[in-house]
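# Chain and residue survey
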Amino acid sequence: MSSNTLTPDQTEILAAVVDLIATREDAVRTDEIAERVDRNPYTIRTEMQQLTALQLLDGIPGPRGGYKPTVEAYRTLDTRGLEKVAVVPVDHEGIATEAVVESIDFRSVNAPDRCRATVTVRTGMPSPSPGDEISIGPTPNAGLTLSGTVESVESVEPDDSAAAFVLDVDEMATVSVEEREPATSSTEPNHAATVDSTAD
């Protein structure tokens, strides 16, 4: 699934679903999404059907039904967030900095608020160790933020400046353009956003 097939509205809606479902286990209802993105619920239903057809959302029937993002939804948002190597805010054990992130590859999304991702960082942060607490993001385009614990560190070539580690993700959220500053190489790094799991 290519991220280029999504319209800006579809990307915003998909990001809203990911953001809303990170706070609970229940499916997200159409009216909640419409309120979040300030759109007409009828328009949202049409877009949700298209996103479901693209296998980015799973429709859950029944009185507690709604929509949940698929693994491909997270990959799509990640691709839009890191179309190129990007400078991204990172909080490593409470120390805020910016790092050159080459890729974020989702290995599994067993639950919307619990998954694993392999993160490859070129420069800008100390080498992580298993057990370290790290927050990464928001990414430049999608505004995707991941927070969790380093599960393992993958080997890299000795002459390669890249560091790759597997992050056991506890929290995942997206931040709208209005709520974030673009990542830059300034000396005042942005802190990565953290979602309050008790919100909403």
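You'll find the structure just up there.
Presented here is an overview of the structure given in this document. (Residues numbered from 1 in each chain as written. Predicted model: local features only at pLDDT ≥ 70, side-chain atom pairs only at ≥ 80, totals over all residues. Heavy atoms only, no water.)

### Observations concerning the nonpolar core
We apply this condition: For the purposes of this section, nonpolar cores are sets of buried Ala, Val, Leu, Ile, Met, Phe, Trp, Tyr and Cys residues that join through side-chain atoms within 4.5 Å. To sort residues, take the accessible area from a 1.4 Å probe on protein chains only and compare it with the maximum for the residue type: under 20% means buried, over 50% means exposed, and anything in between is partly exposed. Note on contacts: a residue pair qualifies if any of its non-hydrogen atoms lie within 4.5 Å across the two residues.
Judged by nonpolar contacts, the single largest core of 44 residues is most densely connected at Ile 33, Met 48, Phe 106, Ile 136, Leu 146, Phe 165 and Met 172. Residue contacts for Ile 33: discarding those within four places in its chain leaves Ile 13, Ala 16, Val 17, Leu 20, Val 28, Ile 44 and Met 48.

### Quick notes on the packing of helix α1 (residues 8-21) against helix α3 (residues 41-53)
The criterion, for reference: Axis definition: a line fitted to C-alpha atoms, limited for helices to the stretch in contact. Angles are taken between N-to-C directions and run from 0 to 180 degrees. Numbering of helices and strands starts at the N terminus; helices are DSSP runs of H or I of at least 4 residues and strands are runs of E of at least 2. Oblique is the label for any angle not under 35 degrees, not over 145, and not in the 65 to 115 range, which are roughly parallel, roughly antiparallel and roughly perpendicular in turn. Polar here means any residue outside two lists: the nonpolar Ala, Val, Leu, Ile, Met, Phe, Trp, Tyr, Cys and Pro, and the charged Asp, Glu, Lys and Arg; Gly therefore counts as polar.
Two numbers describe how α1 lies on α3: the axes approach to 10 Å, and their chain directions differ by 85 degrees. Considered as vectors, α1 and α3 are oriented roughly perpendicular to each other. In contact with Asp 9, Gln 10, Ile 13, Leu 14 and Val 17 of α1, α3 contributes Ile 44, Glu 47, Met 48, Gln 50 and Leu 51. For the contact of α1 with α3, a count of residues per class yields 6 nonpolar, 2 polar and 2 charged.

### Description of the packing of α1 against helix α2 (residues 30-37)
In plain terms, the rule: Note on convention: near helix rotated counterclockwise from far helix by under a right angle means a left-handed crossing. Clockwise means right-handed.
Packing of α1 against α2 leaves a shortest axis separation of 10 Å and a crossing angle of 115 degrees. Classified by the interaxial angle, the pair formed by α1 and α2 is roughly perpendicular. Where α1 crosses over α2, the handedness of that crossing is right-handed. Where α1 abuts α2, its residues Glu 12, Ile 13, Ala 16, Val 17, Asp 19 and Leu 20 lie against Glu 32, Ile 33, Arg 36 and Val 37. Class assignment for the residues of the contact of α1 with α2 results in 6 nonpolar, no polar and 4 charged.

By themselves, these are just geometric observations and shouldn't be taken as functional.
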